[in-house]
Amino acid sequence: EVDFSKLDNGAIRVPIYRTLYLEKLLKKLNYVPIEKTQTYQKATYDLDYSHSDKQVILPSNLRATLRYYQKVGYQWLKNLEEYGLGGILADDMGLGKTIQILAVILSYVENTKKENRKPCIVISPSSLSLNWEKEAKRFTPTLKTLVISGTNGERIRKDRKSGSAGMPR
């Protein structure tokens, strides 16, 4: 779906989220000289989660030991974050998605100046909200958490009572 009128001296620009798709297409082109920029090569390497040999640096205040596959999931989410992309972490229940997401949030908090931080929100079924809070306190005790639940009026009162309505946590 490249508009060839947009070619600039034989080069094309694609959105970052298209890099892995483009890379697969380019691998099928035999005998076609293709020059890839260093930025493109780094992005395709970073976003390809199969490169799990990369050393994973976990947040310093994380109070947990992640399993290998959890480290791979954490690093994949961090790579997506680095390129301004979003992702979904989905697997069977009980494999540690909560701790991976908490590690990503903690990394964000640890690596972002306080005045530049934005709030992080976890939306979950109400039956899991208290579990998220418990896991956050256990594995990421330096994070400030607030469970907002109940009716609209109850949620507003709870947020006001916390003294942080609309403020980054």
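Before reading further, recall that the structure is shown in the block above.
Only a predicted model underlies this, so the values are computations on that prediction, with no experimental measurement involved. (Residues numbered from 1 in each chain as written. Predicted model: local features only at pLDDT ≥ 70, side-chain atom pairs only at ≥ 80, totals over all residues. Heavy atoms only, no water.)

(A) Representation of the overall build of the protein. Looking only at helices and strands, the protein has 6 helices and 0 strands in total. The N-to-C order of helical and strand elements in the protein reads α-α-α-α-α-α. Taken across its 169 residues, the protein has 26% of its residues classed as buried. A fraction of 54% describes how many contacts in the protein between residues 6 or more apart in sequence connect residues 24 or more apart. Element-wise, carbon and sulfur atoms account for 54% of the exposed surface of the protein, whose accessible area totals about 12800 Å². (Helix = DSSP H or I, 4+ residues; strand = E, 2+ residues; numbered from the N terminus. Buried < 20%, exposed > 50% of the residue type's maximum accessible area, 1.4 Å probe, protein only. Contact = heavy atoms within 4.5 Å. Areas by Shrake-Rupley, 256 points an atom, 1.4 Å probe, with all protein chains shown as cover.)

(B) Representation of the packing of helix α4 (residues 97–111) against helix α5 (residues 126–139) in the model. It is the contact of α4 with α5, at a shortest axis distance of 10 Å, that shows an interaxial angle of 60°. Looking at the two axes, α4 sits oblique to α5. In this structure, α4 meets α5 at a crossing whose hand is right-handed. Taking contact as the criterion, the partners of Thr98, Ile99, Ile101 and Leu102 in α4 are, on α5, Trp132, Glu135, Ala136 and Phe139. Its residues placed into classes, the contact of α4 with α5 shows 6 nonpolar, 1 polar and 1 charged. (Axes fitted to C-alpha atoms, helices over the stretch in contact; angles between N-to-C directions. Parallel < 35°, antiparallel > 145°, perpendicular 65-115°, else oblique. Left-handed = near helix turned anticlockwise from the far one by under 90°. Nonpolar A, V, L, I, M, F, W, Y, C, P; charged D, E, K, R; others polar.)

(C) The arrangement of the environment of Asp46 in detail. Tracing the chain through its elements places Asp46 in helix α2 (residues 38–47). Once the C-alpha coordinates of Asp46 and Tyr83 are considered, the two residues, 37 residues apart in sequence, prove to be 9.3 Å apart. Here the side chain of Asp46 touches Lys42 through a polar contact of 2.5 Å, side chain to side chain. Polar side-chain contacts of Asp46 include one of 2.8 Å to the side chain of Tyr83. (Polar contact = N/O pair within 3.5 Å; in protein donor to acceptor, adjacent residues only side chain to side chain.)

(D) Examining helix α1 (residues 19–27) more closely. Every buried residue of α1 is listed here: Thr19, Leu22, Glu23 and Leu26. Looking straight down α1, one finds that the buried residues subtend no more than 105° of arc, so they occupy a single side. α1 presents Tyr21 and Lys24 as exposed residues on the side facing more than 90 degrees away from its buried surface. On its buried side, α1 packs onto α2. (Arc of directions from axis to C-beta.)

(E) View of the nonpolar core. Leu62, Leu66, Tyr74, Ile99, Leu102 and Leu143 are the most contacted members of the largest nonpolar core, which totals 20 residues. Those elements that place two or more of their residues in this core are α2, α3 (68–82), α4 and α5. Of the residues forming this core, the biggest block, 8 residues, is contributed by α4. In contact with Leu102, other than residues within four places in its own chain, are Trp132, Glu135, Ala136, Thr140 and Leu143. (Core = buried A, V, L, I, M, F, W, Y, C linked by side-chain atoms within 4.5 Å.)

(F) How the structure looks around the packing of α1 against α2. Packing of α1 against α2 leaves a shortest axis separation of 9 Å and a crossing angle of 105°. The angle between α1 and α2 falls in the class roughly perpendicular. Facing α1, whose interface residues are Thr19, Leu20, Leu22, Glu23 and Leu26, α2 presents Tyr40, Thr44 and Leu47. Grouping the constituent residues of the contact of α1 with α2 by class yields 5 nonpolar, 2 polar and 1 charged.

(G) The arrangement of a nonpolar patch on the surface in detail. A contiguous nonpolar surface patch, about 230 Å² in accessible area, is contributed by Leu29, Val32 and Ile34. On the secondary structure map, Leu29 appears in the loop between α1 and α2. Take Leu29: its relative accessible area is 43%, and that puts it in the partly exposed class. (Patch = residues over 30% accessible without salt bridge, like charges linked within 9 Å, V, L, I, M, F, W, Y side chains within 5 Å. Salt bridge = Lys/Arg side-chain N within 4 Å of Asp/Glu carboxyl O.)

(H) Representation of the environment of Lys78 in the model. For Lys78, the position within the fold is in helix α3. A residue is classified by how much of its surface remains accessible, and Lys78, at 18% relative accessible area, is buried. Taking the C-alpha atoms as reference points, Lys78 and Ser107, 29 residues apart in sequence, are found 8.7 Å from one another. Setting aside residues no more than four positions away along its own chain, Lys78 makes contact with Val104, Ser107 and Tyr108.

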